[in-house]
Amino acid sequence: MQGNRSYIGPDSEHKLEWNEPPVVPASGLEDTEASTESQGLNLRPLLRTCRRKAWLILLLTGLLGGLAWHRSPKTVSSTWQANFQLLVEPATTEARIVQPTSLARAGGGVPSAELYALDYGTQIQILTSPRILADIAAAVQKTSPDHPLLQDLPPADKQALLEQLQRFNERYLKEALKVERLQTQEGTRSEGTRVLTVSFESPNKRLTEIVLQAAAERYLRYSLEERRTVISEGIRFIEGQLPTVQQRVNQLQGAIQQLREQQSTLDPAVTGQTLVQQAREIESQQLQTRRELQEQRTLLADLQRQVGLTPQQAMIVSALSQDSRYQALLTQLTETDAEIAIQAARVRPESLEFQALLRKRQNQEALLRQQLSQILGTSGAQLAGMSSIGIFQDALRLGLIQQMFAALNQIRVLETREQELSRSAAELAPLLQQQPAIIRRYTDLQQQLDIASRTLTQLLTQREALRLEGAQTQVPWEQLTEPDATESRGVSRASRMILMGLLSGAIAGVVAAMALEKLQNVFFEPDDLKDAVKLPILGTIPRYQGREPLSSQSLFKLSVLEDNSGTFAPFLDAFDALYTTLRFLRPQAPLRSFVISSPMIGDGKSTVALHLAQSAALAGQRVLLVDANLRTPQIHLRLGMENQRGLSNLLTGKLRKHGIQQAIQRSPLVKNLSVLTAGPPILNAARLLAAPQTRQLAERLQAQYDWVIYDTPALTTVRDAAFLADYTDGLVMVVDIGTTRRSKTSKVLEQLSTFHLPSLGIVANYAGKKRQNSNLQDTPQVMSKFFTHRTNQEPSPTQVPVERALSEPRS
């Protein structure tokens, strides 16, 4: 037993939700086509409405068409139409080139195609403008009696036409006058020509020709005079703009000149580029100078470290190396030091000879310091700190000293150069900062001057071109044909009124038919039900044609009649088809139990439940039909059974031991059909159906039978069917075509959606308003056959092998 489920699990039995279409085999329902139709405009309901209410549509169409015919004029008048053609552009390239306007606009050169291109759409709008049409209407009103087209008319007709011409106005001209561009057809391609076609239509031939003559004169005059007026206005406009543009050009030129004088340059942009180049060169030289200065300073430090003298000491040593007397004294001192060294090895230091050498050396040192003091101009105290190493220098050290002096001089030169470059960069920086603003100012002024200059040049050129074009006196347009009126007979005004009346009547009839069916609020055909709901149509039951109410005896008689004549075959076959549909509705998980209900009372749900149970039993299924309408039961009355014990006794617990076997009865009509009647009516049916023991009872019943069918009350009256549907595989809803309210059905579907109850589909009951078989007539002969059989043979229900049964129209 499967209860209500809100989803389908991978390991669970397939369960339909309330709005899920059932799985249909390859040979399944034709009614499920609606669920696979493409989304789009569905006109089938409208067509069905028109078919059903064709009498109303035809009635309104005839009424409005007759009214239009009654009010329409009964005479058919002919119309006269004429036209003429205007060549508005030169037909050849040579003619275009030699046109004064083209030469003026091309500046004396060969004009291009853009110069003589005409905007036909704008030109036609001008030709049909109120101002042009008013001039044509005024010319028509002023037609003289001596007009050539009026000379051959009789005096009466002439006077009538003159009066009609005087009443001619712009409104009539706007409706009847047409200006179009002549098209040429080449195969499937249409191409516009340089010709305009002007046509006019009126009931009077002479009026048509006079109007077109006035229009031709006005259009030719427009092509010359009006264009001259436009040219003159253009020249005046240009001359009014020239002083302002010229003043603007002068102001911009003065501003540029002043800027050049302030900056002392012809082009600030070039000057700015020069300054930028100079700044880059100065920056490059600064980098080079700093790099060389760093190299020389490094060289000077290395030389000082090698020589061991400061630059001042090195200068002294260099100066002493150039003095000959100092060098001679230095040589003598060196020789004396050599003798002292020799004597120190030979004699004692206290000897007179050794002491004499020491005094000689002291005298030589005194002379050397004296000479050093004279060379350097310093005192002896300042020379006391100088060692003999600083005084006595060899050639190598003297060379290093010379390199040190050269590095020192190069450092001084580079420092001076760096100072000059820094000063130049400082002087150039303010100029560079000002230069972008100057260049921008100059560029803006130059652009404005260029625009103003071009504008001035264009105005001067256009003025000369317009002056040359204004000097043209030849009519630029050419009339190719003269108006020639021809008579035409089209659809008369009366015919148009009748057609409009018929069309209005048809539209009104369709609207009235739709409104009437909206007010009736029922389903007229199974297709209406199919389009209105998303559930599949499981079957269509035709209307029962019999007159006799259902009982056990009438079921037997109808079965015999069907066996003899076959007249009730369409009605009975509908239930066989419904059984087949439900049998193969879900191949993977066949139905075991379901509820049959309806939106309203009297939809035939009990009839459908009874005959579906009989069809299933005849097919070999063990079927239990449960009358779950605990308030107004019907099944026991249809089958002539007792109702003392039934479902209500089982729910209230009054049948304890072997309660189910005591309550279930065998049908006297079909072998495999069992019936559980409703039992005595009870008031708290919904409360009992919602109790857990009801679910247990439903599971026990389903375990004993192949099919368990529950006949429940209508869904809009009580909610008994909702509780039972939760315990079964789904709900089958019976809708009576032509009786069940659309609003009630929608309410029931919303209720099922709210409760999340599985809905298997809908059965369209009593669908055919006409008889399914023209031979099926409840004639006296047919009914006498019933009663003759009943009189001759009155068997008990248990002795009759009944295979099928019919029911009365409604439950």
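Scoring rules and cut-offs
- As a convention, each chain's residues are numbered from 1 in the sequence order in which they are written.
- With the structure being a predicted model, the display of local features is reserved for residues of pLDDT at least 70 and the display and counting of side-chain atom pairs for 80 or more, all residues being used for whole-chain, interface and lining totals.
- Side-chain calculation: all heavy atoms of the structure are included, whereas hydrogens and water are not.
- Under the scheme used here, helices are H or I runs from DSSP no shorter than 4 residues and strands are E runs no shorter than 2 residues, and both carry numbers assigned from the N terminus.
- Any two residues having at least one pair of non-hydrogen atoms within 4.5 Å are treated as being in contact.
- Note on areas: these come from Shrake-Rupley sampling with a 1.4 Å probe, and a residue is covered only by the protein chains present in the view.
- The patches reported here contain residues having more than 30% relative accessible area and no salt bridge. Joining distances are 9 Å for like charges and 5 Å for nonpolar side chains (Val, Leu, Ile, Met, Phe, Trp, Tyr).
- The salt bridge definition used is simple: a Lys or Arg side-chain nitrogen within 4 Å of an Asp or Glu carboxyl oxygen.
- Only protein chains enter the accessibility calculation, which uses a 1.4 Å probe. A residue is then buried if its area is under 20% of the maximum for its type, exposed if over 50%, and partly exposed in between.
- Note on aromatic pairs: the rings of Phe, Tyr and Trp (six-membered ring only in Trp) are paired at centre separations within 6.5 Å, and the planes decide the class, stacked below 30 degrees, edge-to-face beyond 60, tilted for the rest.
- In this analysis the charged atom, NZ for Lys or CZ for Arg, is taken to sit over a ring once it is within 6 Å of the ring centre and within 35 degrees of the ring normal.
- By definition, two strands form a pair when at least two bridges between them are found by DSSP.
- Comment: axis = line fitted to C-alpha atoms, over the contacting stretch for helices; angle = value between 0 and 180 degrees taken between N-to-C directions.
- Relevant arc is that of directions from the helix axis to the C-beta atoms, nothing else.
- Between N or O atoms, a polar contact is any pair within 3.5 Å; within protein, one atom must be a potential hydrogen donor and the other a potential acceptor, and residues adjacent in sequence are included only when both atoms are from side chains.
- Per-residue confidence from the predictor is reported as pLDDT, which spans 0 to 100.
- By the definition adopted for this analysis, an angle is roughly parallel if under 35 degrees, roughly antiparallel if over 145, roughly perpendicular if from 65 to 115, and oblique otherwise.
- Each residue gets one of three labels, nonpolar for Ala, Val, Leu, Ile, Met, Phe, Trp, Tyr, Cys and Pro, charged for Asp, Glu, Lys and Arg, and polar for the others, Gly among them.
- Remark: nonpolar core denotes a set of buried residues (Ala, Val, Leu, Ile, Met, Phe, Trp, Tyr, Cys) joined through side-chain atoms within 4.5 Å.

### A closer look at the overall build of the protein
Alright, step 1. Scanning the protein from terminus to terminus reveals 29 helices and 13 strands.
Alright, step 2. Within the protein, contacts between residues at least 6 apart in sequence are counted, and of these 82% link residues at least 24 apart.
Alright, step 3. Taken as a whole, the protein presents about 44700 Å² of accessible surface, with 53% of it coming from carbon and sulfur.

### Some words on a nonpolar patch on the surface
Alright, step 1. Residues Leu43, Leu46, Leu47 and Met514 make up a contiguous nonpolar surface patch of roughly 370 Å² in combined accessible area.
Alright, step 2. The topology assignment puts leucine 43 in the segment before helix H1 (44–52).
Alright, step 3. On the basis of relative accessible area, leucine 43 is assigned to the partly exposed category, the value being 46%.

### Concerning the packing of aromatic side chains
Alright, step 1. Applying the stated criterion across every chain yields a total of 6 aromatic pairs.
Alright, step 2. One aromatic cluster is present, built from ring pairs that chain together Phe168, Tyr172 and Phe200.
Alright, step 3. It is arginine 583 that lies over the ring of phenylalanine 584; its NZ or CZ is 5.3 Å from the centre.

### Points about the sheet that holds strand S8 (residues 623–627)
Alright, step 1. Taken in spatial order, the 8 strands of this open sheet run S6-S13-S12-S7-S11-S8-S10-S9, and their pairing is mixed. Looking at the sheet topology across the chains shown, the edges are occupied by strand S6 (537–541) and strand S9 (664–666). Neighbour-to-neighbour, the strand axes of the sheet open up by a mean angle of 25°, direction not taken into account.
Alright, step 2. Inspection of the sheet shows strand S12 (residues 731–736) paired to strand S13 (residues 759–765) by 6 bridges, in the parallel sense. Bridge pairing links aspartate 736 to asparagine 765 in S13.
Alright, step 3. Those strands touched by helix H27 (residues 720–727) are strand S7 (593–597), strand S11 (707–711) and S12, and its axis lies near 160° from that of S7.

### Some details on unusual backbone geometry
Alright, step 1. For histidine 756, which is not glycine, the phi dihedral falls at a positive 55°.
Alright, step 2. Relative to the elements of secondary structure, histidine 756 occurs in the loop between helix H28 (742–755) and S13.
Alright, step 3. The partly exposed category is assigned to histidine 756, whose relative accessible area is 48%.

### Describing helix H5 (residues 120–127)
Alright, step 1. Of all the residues in H5, the buried ones are Tyr120, Gln123, Ile124 and Leu127. Here the buried residues of H5 occupy an arc of 100° about the axis, which is enough to place them on one side.
Alright, step 2. For H5, the side-chain oxygen to backbone nitrogen distance between the N-cap and glycine 121 is 3.4 Å, and the N-cap itself is aspartate 119.

### Things to note about the confidence of the model for the protein
Residues shown with low pLDDT carry predicted positions that ought not to be read at fine detail.
Alright, step 1. Across the protein, pLDDT averages 75, with 76% of residues at or above 70.
Alright, step 2. A low-confidence stretch, residues 93–101 (pLDDT under 50), is modelled with 15 contacts involving residues beyond four sequence positions or located in other chains.
Alright, step 3. In this model residues 549–565 is a low-confidence stretch, pLDDT under 50, and it forms 52 contacts with partners more than four residues away in sequence or in other chains.

### Brief notes about the packing of H1 against helix H2 (residues 54–71)
Alright, step 1. Across the interface, H1 lies against H2 with an axial gap of 4 Å and an inter-helix angle of 75°. Between H1 and H2, the interaxial angle falls into the category roughly perpendicular. Across the interface between the two elements, Cys50, Arg51 and Arg52 from H1 touch Ala54, Trp55 and Ile57 from H2.
Alright, step 2. Considered class by class, the residues forming the contact of H1 with H2 number 4 nonpolar, no polar and 2 charged.

### Focus on the environment of leucine 499
Alright, step 1. By secondary structure assignment, the location of leucine 499 is in helix H17 (residues 493–520).
Alright, step 2. When its relative accessible area of 53% is taken as the criterion, leucine 499 is described as exposed.
Alright, step 3. Residues leucine 499 and tryptophan 69 lie 430 residues apart in sequence; the distance between their C-alpha atoms is 9.1 Å.

### Regarding the pairing of S7
Sheet faces and side chains relate simply in a regular strand, where the side chains alternate between the two faces.
Alright, step 1. Among the 5 residues that make up S7, 5 are buried, leaving the element largely enclosed by the rest of the structure.
Alright, step 2. Bridge count for S7 against S11 is 4 bridges, and the pairing is parallel. Paired with serine 593 across the two strands is valine 708, which belongs to S11.
Alright, step 3. Bridge count between S7 and S12: 3 bridges; the pairing is parallel. What sits directly across from isoleucine 596, in S12, is valine 732.

### Observations regarding the nonpolar core
Alright, step 1. Core analysis: the biggest nonpolar cluster contains 45 residues, and Leu529, Leu676 and Leu701 have the highest contact counts within it.
Alright, step 2. In terms of residue count, H27 provides more of this core than any other element does, 5 residues in total.
Alright, step 3. The contacts of leucine 676, once residues within four sequence positions are left out, are Leu624, Leu625, Val626, Asp627, Gly646, Leu647, Leu650, Ala663, Ile664 and Leu701.

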